[in-house]
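Working through the structure, step by step
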Amino acid sequence: MSIARFWRETPRRYNLGGSKCLTCGTVAFPPRVVCPTCTHHRQSIGKMAPFQLSGEGEVESFTIVHDPAEGFEMQVPYVLALVRTPEGPRLTGQIVDVEPESVAIGLKVHATFRKLREEGKAGVIHYGYKFAPTGEDEPPPPRAPAVAARAEGAVRDRAEA
Amino acid sequence: MRDVAVLGVGQTKFGELWDRSFREIGIEAGLQALVDAKLSSEDLGGLFLGNMASGALIEQEHIAPLILDYAGLAGRHLPAVRIEGGGASGGLALHQGFLAVASGLYDYVVVGGAEKLTDVADATAAQILSSTADHEWEVVFGATLPALWGLVARRHMHLHGTTREQLARVPVQAHEMGAKNPNAHFRNRITVEQVLHAAPVAEPLGLFDCAPLSDGAAAVVLGPLETARKHTDTPVRIRASEVACDAMALQHRRETTIGEATVAAAQAAFRRARRDPKDVRLAEISDGTSIGALIALEDLGFAERGRAGPEFADGAFALGGRVTVNPSGGLKAQGCPFGAVGVAQVVELVRQLRGEAKERQAPATELALAHDLGGTGATAVVHLLERAG
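Residues numbered from 1 in each chain as written. Chains lettered and ligands numbered in written order. Predicted model: local features only at pLDDT ≥ 70, side-chain atom pairs only at ≥ 80, totals over all residues.

**Focus: the packing of helix α7 (residues 164-178) of chain B against helix α10 (residues 290-299) of chain B**
Residues and elements named next belong to chain B. Contact pair α7 / α10: the axes reach a minimum separation of 8 Å and the direction vectors enclose 95 degrees. Here α10 runs roughly perpendicular to α7, going by the angle between their axes. Contact residues: Leu167, Val170 and Pro171 in α7; Ser290, Ile291, Ala293 and Leu294 in α10. Taken together, the residues of the contact of α7 with α10 sort by class into 6 nonpolar, 1 polar and no charged. (Axes fitted to C-alpha atoms, helices over the stretch in contact; angles between N-to-C directions. Helix = DSSP H or I, 4+ residues; strand = E, 2+ residues; numbered from the N terminus. Parallel < 35°, antiparallel > 145°, perpendicular 65-115°, else oblique. Contact = placed C-beta atoms within 7 Å. Nonpolar A, V, L, I, M, F, W, Y, C, P; charged D, E, K, R; others polar.)

Here is the structure:
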């Protein structure tokens, strides 16, 4: 991916900058120029204001990825989740600082700034949001004994950040 | 609009076709379809070619004139158009061919679908396929196509109590049918135990929950129904050809476990054909993952919302069940050459409606449905086919 292509999304990926429709109040992330939910959506053109998400959220669903996306080979197995924010939008991101076995639907999380991936030894390093448990939830009992590789993965993720 | 019929069909074997090039498989399927339709190339009006990612996969764009050229038709200067819609490219190409004939602008067209996935390494192919999801807001954050379907699966299990074992029945049935299909990528039977113990890909989904990376091509000849009898004794009429789209990213859809594009395309198709899901006893659906198949069955109206898992496990969608689903073996066992899938579904249904499917022949029926899906559901294409007397 070119440097410009990643760089131009920095305000969104680093700071969770979205948009809010001044007509109906719907929040979108990433920001939109037209509101996807307004009944007369043309009226929302020019009325989409910048809006920053709080970074809070709740796991709506999750998967433990063993066959990784490009650039994530060193992180397997990793937890990828659909996170519902209190402002409305859902985000797709990794859940970190927790054993995969302890992630559950409903887990309270908040966004944390992390390294996403790097393009080889000489390439660009991509940063952005991941999610970590807020600690508000009573952690559920592990579904299976944590294997060594997974524990190392979690430690490495913290070390890289 | 005039009525459109499928006059001829052709398809290559699906699988790892190391010894065959993209252009070879493309023309094989097309020429088979022309011969099957008893159509002279002088009568041909044009070519619509479904393909997802030839540029990334074989470093060749501009493939529609390429296939036309190697089919020996360059000198005729026919129009040839490539159509892309992720995994729904083939279904979309068929829709364009349907529009061309229905409008009266063209009389006879070939609709092809072709993809060559094995000329790059598996990991590269998987990465290219993931570009049918939203690269900037899903893939960059670690998503793959199976991972996004894993999110859908977990949510469906959470909401409806769908079990891991019920999911496993989907690929088991697919392989059962693939064993009966000489064109299938996989012709071996598998067990629920094997599915459950396969390597995890994106939990809860494992290796056998996901369709393979296949090469392959398929083609059909379309023409006006009124002259169809000149070409075939068993014309199959396209009763409806409907396309619907939804938000690109799973995170931006209103529902995680409902494919609203499929619902919209299916409802439009049934309305147009003045039919109902209960009238359909035969279907080819998009089963790129086991969970994708269950969601499609619910979206298409073949199962109540949340009930596809237990009903699938009860055999409702097996050969001769309430609806015979994916007698070809589907994407899972017949194979998944992305751009070819939507056309191959119709090839299979035409053979079924003609009664030519041999070992895997479904009980005689007049009506059949094809469902093709792009990405995690941003594009859905539904066709209703009917044997014309």
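**Side note on the sheet that holds strand β2 (residues 27-28) of chain A**
All names here are of chain A. Ordered by their spatial adjacency, 3 strands build an open sheet running β2-β1-β3, and the pairing between neighbours is antiparallel. Strand pairing shows two members of the sheet lacking a second neighbour, β2 and β3 (48-52), which therefore form its edges. Where strand β1 (residues 17-21) meets β3, 5 bridges bridge the pair, whose relative direction is antiparallel. Residue pairing in the sheet places Lys20 in a bridge with Ala49 of β3. (Pairing = 2+ DSSP bridges.)

**As for the confidence of the model for chain A**
Predicted confidence across chain A gives a mean pLDDT of 87, with 84% of residues reaching 70 or more. Within the model, pLDDT remains below 50 along residues 145-161 of chain A, and this stretch shows 17 contacts once partners closer than five positions in the same chain are excluded. (pLDDT = per-residue confidence, 0-100.)

**With respect to the interface of chain A and chain B**
Residue-level contacts link 25 residues of chain A with 24 residues of chain B. Listed by contribution, the elements that provide at least two residues to the side of chain A that touches chain B are β4 (56-65), β5 (78-84), β6 (90-95) and β8 (125-133) of chain A. It is β4 of chain A that provides the largest number of residues to the side of chain A that touches chain B, a total of 6 residues. Partitioning the side of chain A that touches chain B into residue classes produces 12 nonpolar, 8 polar and 5 charged. Relative to strand β5 (residues 200-203) of chain B, β4 of chain A runs antiparallel, the two being bridged by 2 bridges. Looking across to β5 of chain B, one finds that Ile64 of chain A is bridged to Glu203 of chain B.

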